[in-house]
Amino acid sequence: FKVRRMLVVAAIAVAASNLAFLLMAQHPSELWAFFVAISADNLSQGFAGTVLVAFMSGLTNRNFTATQYALLVSLANLPGKFVGGLSGFIVEATSYQAFFLLSAVSVIPTLALLAWLWPRIDPVTLPPVSLPTASARPKPWRRCSRTRRPGRSGCSRPAIRWWRIFAWPGTT
């Protein structure tokens, strides 16, 4: 699956989960409406969060991953913090039904921004993995010669480092 398409699916799923809260507001004290709303919200937020992490991870530079990722997460959460403080005033001025409908419709600017960014976003694809052949792969179970020299371990091969097992070919 491409990350761009999953971003659209995630945005629509989050809007649909807000409509599930609208269903709960129309059927107060109904256990099934509560179950549907909470299940839809947890499923859509979990999916959207995973897609957003994958998308933002693809935007970062390998040399500055932690800093850039932290900045992107902060910027992504900033609008929700501002609107969250005003949500009580919106509900008090209107109603819960209007608030949940407004929150579902608020996905339209997100989809418009995504449509504008669509040609500018490179699809995140992993490079093809080429595994070394069995004869070219180092064999860690073979022991080196036991001839000891001062300052050397007696091994003519370089030590096998565990992190090279998990690296992409050509990046070590």
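For the structure itself, consult the block above.
Let me begin by describing the structure that accompanies this report. (Residues numbered from 1 in each chain as written. Predicted model: local features only at pLDDT ≥ 70, side-chain atom pairs only at ≥ 80, totals over all residues. Heavy atoms only, no water.)

A closer look at the overall build of the protein chain
Then step 1. Secondary structure summary: the protein chain contains 5 helices and 0 strands in total.
Then step 2. In sequence order, the secondary structure elements of the protein chain are arranged as α-α-α-α-α.
Then step 3. The 172 residues of the protein chain split such that 19% are buried.
Then step 4. When contacts within the protein chain are restricted to residue pairs at least 6 apart in sequence, those whose partners lie at least 24 apart make up 55%.
Then step 5. Total accessible area on the protein chain is roughly 13,300 Å²; 67% of this is exposed by carbon and sulfur atoms. (Helix = DSSP H or I, 4+ residues; strand = E, 2+ residues; numbered from the N terminus. Buried < 20%, exposed > 50% of the residue type's maximum accessible area, 1.4 Å probe, protein only. Contact = heavy atoms within 4.5 Å. Areas by Shrake-Rupley, 256 points an atom, 1.4 Å probe, with all protein chains shown as cover.)

As for the packing of helix α2 (residues 31-59) against helix α3 (residues 65-93)
Then step 1. One way to put it is that α2 packs onto α3 with a least axis distance of 9 Å and a crossing angle of 135°. Classified by the angle their axes make, α2 and α3 are oblique. Handedness of the crossing formed by α2 with α3: right-handed. For the pair formed by α2 and α3, the contact residues are L52, V53, M56, S57 and L59 on the first element and Q68, Y69, L72, V73 and A76 on the second.
Then step 2. Residue composition of the contact of α2 with α3, by class: 8 nonpolar, 2 polar and no charged. (Axes fitted to C-alpha atoms, helices over the stretch in contact; angles between N-to-C directions. Parallel < 35°, antiparallel > 145°, perpendicular 65-115°, else oblique. Left-handed = near helix turned anticlockwise from the far one by under 90°. Nonpolar A, V, L, I, M, F, W, Y, C, P; charged D, E, K, R; others polar.)

Let's talk about the packing of aromatic side chains
Then step 1. Summed over the entire model, instances satisfying the criterion amount to 3 aromatic pairs.
Then step 2. Ring pairs connect the aromatic residues F21, Y96, F99 and F100, which therefore count as one cluster. (Phe/Tyr/Trp six-rings, centres within 6.5 Å; stacked < 30°, edge-to-face > 60°.)

Things to note about α2
Then step 1. A rise of 1.5 Å per residue sets the reference length of α2, with its 29 residues, at 42 Å; its end C-alpha atoms lie 42 Å apart and thus fit the reference within 8%.
Then step 2. Of all the residues in α2, the buried ones are A33, A37, D41, S44, A48, V51, F55 and M56.
Then step 3. On the buried face of α2, the contacting elements are α1 (3-26) and α3. (Expected span 1.5 Å × (residues − 1).)

Remarks on the environment of V53
Then step 1. When you line up the elements, V53 lands in helix α2.
Then step 2. Along the primary structure V53 and Y69 are separated by 16 residues, whereas in three dimensions their C-alpha atoms are 8.9 Å apart.

Overview of the environment of L43
Then step 1. In this fold, L43 is placed in helix α2.
Then step 2. Note on L43: relative accessible area 66%, which makes it exposed.
Then step 3. Spatially, the C-alpha atom of L43 lies 8.6 Å from that of A13, the residues being 30 residues apart in sequence.

Observations concerning a nonpolar patch on the surface
Then step 1. A grouping of L71, L75, L78, F82 and V83 is seen on the molecular surface, where their side chains present a nonpolar patch of about 510 Å² in accessible area.
Then step 2. By secondary structure assignment, the location of F82 is in helix α3. (Patch = residues over 30% accessible without salt bridge, like charges linked within 9 Å, V, L, I, M, F, W, Y side chains within 5 Å. Salt bridge = Lys/Arg side-chain N within 4 Å of Asp/Glu carboxyl O.)

Here's the deal with unusual backbone geometry
Then step 1. Even without being a glycine, S29 presents a positive backbone phi close to 65°.
Then step 2. Along the chain, S29 falls in the loop between α1 and α2.

Some remarks on the packing of α3 against helix α4 (residues 96-105)
A pair of packed helices is captured by two measures, namely the crossing angle of their axes and the spacing between those axes.
Then step 1. Running from N to C, α3 and α4 cross one another at 130°; their axes reach a closest spacing of 7 Å. As summarised for this structure, α3 and α4 are arranged oblique, according to the angle between their axes. Of the two elements, α3 crosses α4, and the hand of that crossing is right-handed. The segment α3 lies against α4, with S87, I90 and V91 engaging Y96, F99 and L102.
Then step 2. Taken together, the residues of the contact of α3 with α4 sort by class into 5 nonpolar, 1 polar and no charged.

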